[in-house]
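Each chain is listed here by its residues.
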Amino acid sequence: MPESPQSPALSDQLLAAARAIGAVLDGQSLSEALESIPAALRPAAQALSFHAMRRLGHARAVRERLVPRRPPERLTEALILLGLSLLEASLRQSEGTGQPPGTPVYHEHTLVHQLVEAAAVDRRTRPAKGLINAVLRRYGRERAALAAELVRRPDAAWNHPDWWVTTVREAWPDDWQTILSAADRPPPMALRANVRRIGRDTLRARLDEAGLAARPVGEDGLILDTPRPVRDIPGYAEGWWSVQDPSAQRAARLLPLQDGMRVLDACAAPGGKTAHLLERHALRLTALDSDTKRLERVGDNLRRLGLESPDVTLRCADAARPGDWWDGQPFDAILADVPCTASGVVRRHPDIRWLRREDDLARTAALQARIMDALWPLLAPGGHLLYATCSIFPQEGESQIRAFLDRHPEALRLPAPGHILPAGPDSGDGFFYALLRKPA
């Protein structure tokens, strides 16, 4: 990853990334941690920390082998883990092993030197300069000998926690390796044309004029050959498009809608699916979310896309407690994109796998069941409810819906994709969809 003359020093980039990684090790989300990084360093810190999260299982196993006692200073540990993940990429590159697109690769000696320089900047890590140097150089010498040992550790071999590997393997015995491997490759950048303002073919032509190649996906989507910052893509301010994964783009077309329907988007933030529903139909829509700040993002997105309307209401409330917000009028359709472990979007948020705990799965499944049971009475006879999660775990998908149908045998299950598994480079995120109809 060459630096431009205006780029911050590599040592500063490494230190910024290590601070974000340390925050994740302490339980903070990577996106929140990156917000505290100075703007000039943030793009590099994001690229470096994303790579480290995708290689954290391997790096942590190496650290435990070479430094059995965890360094007392969290930032020192983060620098070591970052260094090991980057050194592995550099060594693989020198061997001619293919790297995922966007992998940061540096010359081995440059990398070690700059990591030591980064440690020297912060008084907390300054005493560990020698340790960092020794660990990285030792790994360079002993890597081949360690390989046979590390391949027997699921967390090191697959860069996911052991319980995650076990859960995926049991759920998808024929696909588990593909699923785990896909999580360590950066996802494609997909746009959804705002058909109220521009057709997809016209958008594609505008992008081509700007030197941005794109190929169609789904009915309204385009995948960029090369991801770009959103404000560098033509039409952002004009509301021509939204960034939305191909799997998420399927929701608005799965829910049978007609103009004038009364619709509930029960867990709406950040608003991508809300906007897509409104782009396709003139609806009396309520967008509900329990987080005020996230609900503000829904409003921001609707304004940019020109979708604000007196018929669109944003409401901050708990979907599982309709007594606090429902006016008693039934909805013709409900989109229930419920909270989940987000196990299907780890390639976009590689820290998720390290932040989740095994018992989170049972907790989110219980919450999903409460929300579904609370929303079902709000649906008008003959109405449709689309259940959605960005999860690959059956407990949040197929098993959840089967349990719901056991509790509500009157519900009719209609054709829908079910589980969508991430696979090839153009594939969507992991998702689950189930479409239910209430008898008339």
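Residues numbered from 1 in each chain as written. Predicted model: local features only at pLDDT ≥ 70, side-chain atom pairs only at ≥ 80, totals over all residues. Heavy atoms only, no water.

Describing the pairing of strand β9 (residues 379–389)
Counting buried residues in β9 gives nine out of eleven residues, a clear majority hidden from the surface. Note that strand β8 (residues 331–337) and β9 share six bridges and pair parallel. Residue pairing in the sheet places Ile334 in a bridge with Leu385 of β9. (Buried < 20%, exposed > 50% of the residue type's maximum accessible area, 1.4 Å probe, protein only. Helix = DSSP H or I, 4+ residues; strand = E, 2+ residues; numbered from the N terminus. Pairing = 2+ DSSP bridges.)

Points about the confidence of the model for the protein chain
The predicted structure's coordinates, where accompanied by low pLDDT, should not be read in detail. For the protein chain, per-residue confidence averages 95 on the pLDDT scale, and residues scoring 70 or more make up 99% of the total. Across residues 1–5, confidence stays below pLDDT 50; counting only partners more than four residues off in sequence or on other chains, it has eight contacts. (pLDDT = per-residue confidence, 0-100. Contact = heavy atoms within 4.5 Å.)

A closer look at the sheet that holds strand β4 (residues 241–243)
Sheet strands pair via backbone hydrogen bonds, and the direction of the pair is either parallel or antiparallel. An order of β2-β3-β1-β4 is seen for the four strands of this open sheet, with the pairing classed as antiparallel. Unpaired on one side and paired on the other, β2 (214–217) and β4 mark the two borders of the sheet. Looking at each pair of strands side by side, their axes are set apart by 35° on average, direction ignored. With four bridges connecting them, β2 and strand β3 (residues 221–224) associate as antiparallel partners. When the sheet's bridge partners are listed, Pro216 is paired in β3 with Leu222. (Axes fitted to C-alpha atoms, helices over the stretch in contact; angles between N-to-C directions.)

Section: the environment of Ala128
For Ala128, the location among the structural elements is in the loop between α6 (108–121) and α7 (129–150). On the basis of relative accessible area, Ala128 is assigned to the buried category, the value being 10%. Residues Ala128 and Cys390, spaced 262 residues apart in sequence, show a C-alpha to C-alpha distance of 41 Å.

Notes on helix α5 (residues 74–94)
Look at α5: 30 Å from first C-alpha to last across 21 residues, which is about the 30 Å you get at 1.5 Å a residue. Among the 21 residues in α5, 17 count as buried, and that is most of the element. Backbone geometry just after α5 places Gly96 at a positive phi near 85°. (Expected span 1.5 Å × (residues − 1).)

Topic: the nonpolar core
Ranked by size, the top nonpolar core spans 52 residues in total, and within it Leu14, Leu82, Leu84 and Tyr139 carry the most contacts. Looking at this core, the elements with two or more residues in it are α1 (10–25), α2 (30–35), α3 (42–54), α4 (56–66), α5, α6, α7 and α15 (352–355). Sort the elements by how many residues they give to this core and α1 lands first, with eleven residues. Membership of the second largest hydrophobic core comes to 47 residues, among which are Leu257, Ala275, Leu283 and Leu361. (Core = buried A, V, L, I, M, F, W, Y, C linked by side-chain atoms within 4.5 Å.)

Quick word on the environment of Leu379
If you trace the backbone, Leu379 turns up in strand β9. For Leu379, a relative accessible area of 2% gives the class buried. On a C-alpha basis, the gap between Leu379 and Ala333 in space is 6.6 Å, while along the polypeptide they are 46 residues apart. With residues near it in sequence (within four places) discarded, Leu379 still touches Pro330, Phe331, Asp332, Ala333, Ile334, His384, Leu385 and Lys438.

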